[in-house]
Amino acid sequence: MKPKILAFAGSTRTDSFNKKLVQIAATGASEAGADVTVIDLRDFQMPLYDGDLEQNEGLPQNVQRLKELMSSQQGFLIAAPEYNSSITGVLKNTIDWTSRQLENNTLNCYTGKVAGIMSASPGGLGGLRGMVHVRAILENMGVMVIPEQIAVSAAHEAFDADNSLKDKKTEEKVKKIGANLTRILAKLSS
Ligand code: FNR
């Protein structure tokens, strides 16, 4: 059975470097035999998490939609931009909402999953500091995050017009994150 992987970036920006990056990792996973679904969090817009809203109205429809999608997957590929040395609000808000349970349902879309993470930034560290937080958050939720990760620095100069990375060695490393995640998931299910 093909491992199912959901791939997304923690940015909604149209020209997001992280959207480009996660697409490359997704290609690596597909080439290694995974069934990959790439989504744009812009298509799952949700309000800022608000406990009163949740109590009064339940989980917003886009949260339910994303939770159902996540629950049907074994793995995640996440390209996480760094804001102020940490995780973006978009990604944290998405994780916070989707970590909440559906009423009368224990649908937990994180525990027991495996993830590969990466980041891209115009800065010199490529988002490395933010990834430390992303890894910790996911691991605390019971997600096994694979050791390989990549931070692409000078991201504003790193991509070609076709959204591939100019440095082919770096591109192979990004693809390898997707491929390694696929192999681990295949082993876990065998
Ligand atoms: C940034 N950016 C940024 N970059 C970085 O390497 N370290 C940082 O701490 C920050 N902090 C930060 C805060 C805020 C509020 C913004 C808007 C931006 C720059 C960031 O990496 C850049 O905007 C990327 O282009 C964001 O990723 P996407 O949207 O291109 O995927």
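One can find the structure itself at the top, above this paragraph.
Residues numbered from 1 in each chain as written. Predicted model: local features only at pLDDT ≥ 70, side-chain atom pairs only at ≥ 80, totals over all residues. Heavy atoms only, no water.

Caption draft 1: Fine view of the environment of Met144. Structurally, the position occupied by Met144 is in strand E7 (residues 144-152). Considering only alpha carbons, one finds Met144 and Ala115, 29 residues apart in sequence, at a separation of 6.2 Å. Aside from chain neighbours lying at most four places away, what touches Met144 is Lys113, Val114, Ala115, Ile184 and Leu188. (Helix = DSSP H or I, 4+ residues; strand = E, 2+ residues; numbered from the N terminus. Contact = heavy atoms within 4.5 Å.)

Caption draft 2: Representation of the environment of Val143 in the model. Structurally, Val143 can be placed in the loop between helix H5 (128-140) and E7. With residues up to four places along the chain from it excluded, the contact list for Val143 reads Tyr110, Lys113, Val114, Ala115 and Leu138.

Caption draft 3: Main features of the packing of helix H3 (residues 61-71) against helix H4 (residues 89-98). Following both chains from N to C, one finds H3 and H4 inclined at 80 degrees, their axes separated by 9 Å at the closest point. One way to sum up the angle between H3 and H4 is to call them roughly perpendicular. For the pair formed by H3 and H4, the contact residues are Val63, Leu66, Lys67 and Met70 on the first element and Thr94, Trp97 and Thr98 on the second. Its residues assigned to classes, the contact of H3 with H4 shows 4 nonpolar, 2 polar and 1 charged. (Axes fitted to C-alpha atoms, helices over the stretch in contact; angles between N-to-C directions. Parallel < 35°, antiparallel > 145°, perpendicular 65-115°, else oblique. Nonpolar A, V, L, I, M, F, W, Y, C, P; charged D, E, K, R; others polar.)

Caption draft 4: Quick look at the nonpolar core. Ile5, Leu21, Leu77, Met118, Phe159, Leu165 and Val174 are the most contacted members of the largest nonpolar core, which totals 28 residues. Contributing elements (two or more residues each) for this core: strand E1 (4-9), helix H1 (17-31), strand E3 (75-79), strand E6 (114-120), E7, helix H6 (155-158) and helix H7 (168-189). If you tally residues by element for this core, the top one is H1, at 7 residues. If we skip the residues at most four places from it in the chain, Leu21 touches Ala79, Met118, Ser119, Ala120, Val152, Phe159, Leu165 and Val174. (Core = buried A, V, L, I, M, F, W, Y, C linked by side-chain atoms within 4.5 Å. Buried < 20%, exposed > 50% of the residue type's maximum accessible area, 1.4 Å probe, protein only.)

Caption draft 5: Unusual backbone geometry, seen in detail. For Asn84, which is not a glycine, the phi torsion comes out positive at approximately 45 degrees. One can find Asn84 in the loop between strand E4 (82-83) and strand E5 (86-87). You can call Asn84 exposed: its relative accessible area is 77%. The backbone of Ser85 shows a phi angle near 65 degrees, a positive value even though the residue is not glycine. Take Ser85: it is sitting in the loop between E4 and E5.

Caption draft 6: The sheet that holds E3, seen in detail. Spatially, 5 strands are ordered E2-E1-E3-E6-E7 in an open sheet, and the strand pairing comes out parallel. Of all strands in the sheet, those bounded by a partner on one side alone are strand E2 (35-38) and E7. On average, each strand axis in the sheet is inclined to that of its neighbour by 15 degrees, with strand direction left out of account. Across the sheet, H1 lies against E1, E2, E3, E6 and E7, angled at about 140 degrees from E6, the strand it touches most. The sheet strands contacting H7 are E1, E3, E6 and E7, and the helix crosses E7 at an angle near 170 degrees. (Pairing = 2+ DSSP bridges.)

Caption draft 7: Spotlight on the pattern of salt bridges. Applying the stated criterion across every chain yields a total of 7 salt bridges. The partner of Glu54 in a salt bridge is Arg100, with the nearest N and O atoms 3.0 Å apart. Of this pair, Glu54 sits in helix H2 (residues 51-57) while Arg100 sits in the loop between H4 and E6, and the two are 46 residues apart along the sequence. The partly exposed category is assigned to Arg100, whose relative accessible area is 35%. Taking the shortest distance from any N to any O, the salt bridge between Glu171 and Lys168 comes out at 3.8 Å. With Glu171 and Lys168 both in helix H7, this residue pair falls 3 residues apart, about one helical turn. (Salt bridge = Lys/Arg side-chain N within 4 Å of Asp/Glu carboxyl O.)

In short, the description is geometric, and any link to function would need to be established separately.
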